[in-house]
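# Coordinates in review
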Amino acid sequence: MSGITLTSTETQTLASLSQASTLFNTTQEELNTGKKVNSAADDAVAYFRSKSLYDRSSQIQTRKANIDQSIQSVQAALTATSAVDGLLKQLQGVLEGARGATLSDRVSATIQFKNIAQQLAQLVKDTSYQGLNLLTSTSASLTTQFSERTAATFTIHGYSFASTSAGNSNSLFTGSAVAFQSDGTLNFSAVVASSGAGGSISGFSQLNLSSSTGSITASEAAVIFTESDNRLSAAISQNQALTAALGTNVDILQARSTFSAAYASTLSAGGDKLTLADLNVEAANSQALTLRQQIGIQSLSVTGTQNSSILTLLR
């Protein structure tokens, strides 16, 4: 303020207080944010280097989220294949129970067999995750992008468990006959049949092992039961093979998810090393600056007291 003259000591003290106040505000900001670099004005090089690392970490985290969703999609398919295994074994059990059973029991076994088979097809159709079903069509596919690089992708192709075409290697029944109809029902005579004996089989009631009456002899019926059992065993093995392939895909995706999490953490930690403040040091600085301000204020007070004493003497 013009017209006011301060001693050199007072001027230096005020300058020191101003500097201490500025440093104190900076220290408080670092304590509040936990960072020593909060903007480009603090340290342009460190700020932009850390921003690049943080942005990259954020991108990787986004990719990881997509990978995790892909894992869940395949896990949904694996949950279904586990249930399919159980239903196929139930079919095999019904088939074994019909072998040598009474006529009424064989009629009941036919109904059970067809019902289980239809539920198997319906279960496969219900295995959808976010609109994608990996078990109903070979044209279905799941592509996961691991990074911004075009080559860093992984594609899982679908299967056709309840295929309505013959000889489908991605189906449960890979034989030359069509095992499932378009409505999901089982083509009974395609599963319960023999390559060298018997005609079109519509039910277990036609397969009598204790009598040779009818169009199918007991020996032919025995062959049909054996080959049908082998066909179901092959379907169980096929399901296990396809399950193993899906499991391998999950392992690959899980490995990438784990890597992405660790990589994103490494990038973020690199950014932290450039920007984070040592809170212990900043807390000590805050205390030292507070003391410095108090001493400066006390110094001005002492100077003022001295001047007042001089004025009193002059009076």
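This write-up is about the structure you can find in this document. (Residues numbered from 1 in each chain as written. Predicted model: local features only at pLDDT ≥ 70, side-chain atom pairs only at ≥ 80, totals over all residues. Heavy atoms only, no water.)

Ranked by size, the top nonpolar core spans 51 residues in total, and within it Leu-88, Phe-113, Leu-120, Phe-173, Phe-204 and Leu-207 carry the most contacts. Listed by contribution, the elements that provide at least two residues to this core are helix H2 (44–98), helix H3 (103–125), strand E2 (153–157), helix H4 (188–191) and helix H5 (218–275). Among the elements that make up this core, the one with the highest residue count is H2 (13 residues). Excluding residues that lie within four positions of it along the chain, Leu-207 makes contacts with Arg-106, Val-192, Ile-201, Ile-216, Ala-221, Ile-224 and Phe-225. (Core = buried A, V, L, I, M, F, W, Y, C linked by side-chain atoms within 4.5 Å. Buried < 20%, exposed > 50% of the residue type's maximum accessible area, 1.4 Å probe, protein only. Helix = DSSP H or I, 4+ residues; strand = E, 2+ residues; numbered from the N terminus. Contact = heavy atoms within 4.5 Å.)

Taking 1.5 Å as the rise per residue, H3 with 23 residues should run 33 Å; its terminal C-alpha atoms sit 34 Å apart, in good agreement. Looking at H3, one finds that the buried residues are Arg-106, Ala-109, Thr-110, Phe-113, Ile-116, Ala-117, Leu-120, Ala-121 and Val-124. Those residues of H3 that are buried lie in contact with H2, H4 and H5. (Expected span 1.5 Å × (residues − 1).)

Here the structure, examined in full by the defined rule, presents eight aromatic pairs. A ring pair is formed by Phe-173 and Phe-180, whose centres lie 6.0 Å apart and whose planes are at 55°; its orientation type is tilted. Across the pair, exposure class does not vary: Phe-173 and Phe-180 are buried alike. Ring plane angle 15° and centroid distance 5.5 Å describe the contact between Phe-259 and Tyr-263, whose orientation is recorded as stacked. With Phe-259 and Tyr-263 both in helix H5, this residue pair falls four residues apart, about one helical turn. (Phe/Tyr/Trp six-rings, centres within 6.5 Å; stacked < 30°, edge-to-face > 60°.)

Positionally, Arg-106 belongs in helix H3. The buried charged residue Arg-106 lacks any salt bridge, with Asp-105 as its nearest oppositely charged partner at 8.1 Å. A polar side-chain atom of Arg-106 sits 3.2 Å from the main-chain carbonyl oxygen of Phe-204. Once you skip the residues sitting within four places of it in the chain, Arg-106 turns out to touch Ala-98, Ala-101, Phe-204, Ser-205, Gln-206, Leu-207 and Asn-208. (Lys, Arg positive; Asp, Glu negative; His and termini not counted. Salt bridge = Lys/Arg side-chain N within 4 Å of Asp/Glu carboxyl O. Polar contact = N/O pair within 3.5 Å; in protein donor to acceptor, adjacent residues only side chain to side chain.)

Time to look at H2. Taking 1.5 Å per residue, 55 residues should reach 81 Å; H2 reaches 81 Å between its end C-alpha atoms and fits that length. Directly after H2, the chain includes Gly-100, whose backbone phi takes a positive value near 80°.

Before going further, it helps to spend a moment on the pairing of E2. Two faces, one strand: in a regular strand the side chains alternate between the faces of the sheet. Taking every second residue as pointing to the same face, the buried face of E2 carries Phe-154 and Ile-156, while none of Thr-153, Thr-155 and His-157 on the other face is buried. Across five bridges, strand E1 (residues 141–145) lies against E2 in antiparallel orientation. When the bridges of E2 are listed, Thr-143 appears paired with Thr-155. (Pairing = 2+ DSSP bridges.)

So, about the environment of Asp-183. Tracing the backbone shows Asp-183 in the loop between E2 and H4. Note on Asp-183: relative accessible area 45%, which makes it partly exposed. Once you skip the residues sitting within four places of it in the chain, Asp-183 turns out to touch Gln-122 and Lys-125. Here Thr-185 takes part through its side chain, which lies 2.6 Å from a polar atom of the side chain of Asp-183.

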